[in-house]
Amino acid sequence: MPLSVYVLGLAVFALGTSEFMLSGLLPPIAEDMDVSIPRAGLLISAFAIGMVVGAPLLAVATLRLPRRTTLVTLITVFGFGQIAGALAPSYGVLFASRIVSALACAGFWAVGAAVAVAMVPVNARARALAIMIGGLSIANVLGVPAGAFLGEHFGWRSAFWAVAGASAVALAGVVALVPAIPLPERRPRLGDEARIYREPQVWLTITVVALSAGGVFCAFSYLAPLLTDVAGLDDGWVPPVLALFGVGALIGTAVGGRIADAHLFGVLLSGLAASTVLLVALALLAEYAVAAVLLSFLLGVSCFYTAPALNARLFNVAGAAPTLAGATTTAAFNLGNSGGPWIGGTVIDAGFGFTSTAWAGGAITAAAIGTTAVSLRLHRRTRENGGSRVVTGATAETGTTVESGPTVETGAAVDTAADPSPAVNPVRRDL
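A. Broad picture of the side chain of Ser-167. On the secondary structure map, Ser-167 appears in helix α7 (residues 156–177). If near-sequence neighbours (up to four positions away) are discounted, Ser-167 is found in contact with Ala-14, Ile-75, Phe-78, Gly-79 and Gln-82.

If you want it as C-alpha cells, here you go:
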C-alpha cells in the first residue's frame, strides 16, 4: 500500500471524529442550546445532509483541479468549520457550521477515495478503502469517546476545539506526505462520468449503502440516552461504550477489508443480516445494561464489516467515473446517516421511546438485505448473458483501458465479479 493511503486514513480520523462525536454530546448540547434531544439530533442529520449534497457537488467542482491542492483546501475549510462550531453562540450558528464542515468533509472523502483506489490494483480496492475507513473506525475507538469525555468534563465546545487541532495535524500530514499529483493528459469530462447513473446496478448499490448506514445510525445516534435512560447506566459509561463500538468497528473493518475482495456479496449479506439481528436484540434487551453494552460492541463489528465491500462494490459498478464513484459512495452513506437519525427522532417524538430506534433500524437493514439480493440476482444474470460490463477508458483520469470479458462498452459502468477475475488487469492507475 502506498504511504499516501495511510495518510488519507489519518485525515479521515479527524473527519470521522467530528461526524460521529455528537452521538455522545447530544444531552449537553441540548441543555446548553435549550432544545430537545431530538432537535439536537438534527445536528447529526445536518452534517450528513451536507455530506450528501457536498460530495457530488465538490466532486464536479474539483474534477479538473490538482488532487493534492484540493485535499489541502478542503481539510483547511473543515478545520475552520470546527472552530466556528466551538464559538457558536446559538443553535442556528452551530447548525450552519455543521453544514459547512460537512461540505468540506464530503469533498475530501470523494477526492481521497478516488486517489486511494487509483493507486492500487483493481483486486486491492477493498483493502485500500479499508485503510481509509480504518481512520473512521479509529475515530470511533478514540475520537468519539474522547469527545464525549471532553464534553462531560470541560463542556461540549472543548470537543470541537480538539477536532480543530486534529484537523491541523491532518493538514500537516497531507502537505508533507501526499505528493503533488499532476493533472492527466486527458482531463476528465463531467458528461462522460455522469453516464454511470444510467446503470441499474449503480442505483441498487446506492440504495444498499444508504439503507445499511441508515439502519445502524438510526439507533447509534441515540445510543447515549438509550444507555442512560433505558439501560440505567451512569453518564460516565457513555464514553467507554462508544469506545467499545469503535473497537468493534475497527475489528469489522479489518476483517471485512481482508475478505471483501474475494467474497463481496457474501460479506454484504452476512453483515447486513448480523446488523438486523443485533438491532432487534438491542430493542428487546436494552433495559439490561450488560446486554446493551455487548450489543453496542457487536453492532460496531457488523456495521463496519460491510463498509469496505459497500465502497468497493460502488467503485466496481461505477468504474468509468472514479471521482464521481467516490462522491456517490460518500453521498449514499450519508443519505443513510441523515435519514437514520431523522427516523430515530421521529419515532421518539411519536412517544415510542428510545428502544424504538433499534426497531426502526432493524427494519431498514432488513430492506437493505432485500435490495442486495436483487443486486446479486442481476449481477449473476449479467454474467450468464455474456460476462462483466466493462469500460474502455474506465479510468477517466488517465484514459487507461481495462478489459474483462467479451462485453466492452464506452462510458458504461464496470460490473466486476464478486471474485476478482484473473482476466482483470491489475492496472496501477495513478492520477
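B. Layout of the side chain of Thr-371. Within the element layout of this structure, Thr-371 appears in helix α16 (residues 356–384). Every residue in contact with Thr-371, bar those within four places of it in the chain, is listed here: Leu-204, Thr-207, Val-208 and Leu-211.

C. Structural context of unusual backbone geometry. Positive phi, close to 60 degrees, is recorded for Asp-34, a residue that is not glycine. One can find Asp-34 in the loop between α2 (26–33) and α3 (37–61). Its relative accessible area of 69% is what places Asp-34 among the exposed residues.

D. Fine view of a nonpolar patch on the surface. A cluster of nonpolar side chains, Met-1, Leu-3, Tyr-6 and Leu-177, forms an exposed patch at the surface whose accessible area comes to about 410 Å². Mapped onto the secondary structure, Tyr-6 falls in helix α1 (residues 3–20).

E. Molecular detail of the environment of Ile-348. Topologically, Ile-348 is positioned in helix α15 (residues 322–352). We classify Ile-348 as buried; its relative accessible area is 14%. Contacts of Ile-348, omitting those with residues within four sequence positions, involve Pro-38, Tyr-222, Gly-353, Phe-354, Ser-356 and Thr-357.

Reading the values: rules and limits
- Residues numbered from 1 in each chain as written.
- Predicted model: local features only at pLDDT ≥ 70, side-chain atom pairs only at ≥ 80, totals over all residues.
- Heavy atoms only, no water.
- Helix = DSSP H or I, 4+ residues; strand = E, 2+ residues; numbered from the N terminus.
- Contact = heavy atoms within 4.5 Å.
- Buried < 20%, exposed > 50% of the residue type's maximum accessible area, 1.4 Å probe, protein only.
- Patch = residues over 30% accessible without salt bridge, like charges linked within 9 Å, V, L, I, M, F, W, Y side chains within 5 Å.
- Areas by Shrake-Rupley, 256 points an atom, 1.4 Å probe, with all protein chains shown as cover.
- Salt bridge = Lys/Arg side-chain N within 4 Å of Asp/Glu carboxyl O.

Spatial relationships are all this shows, so hold off on functional conclusions.
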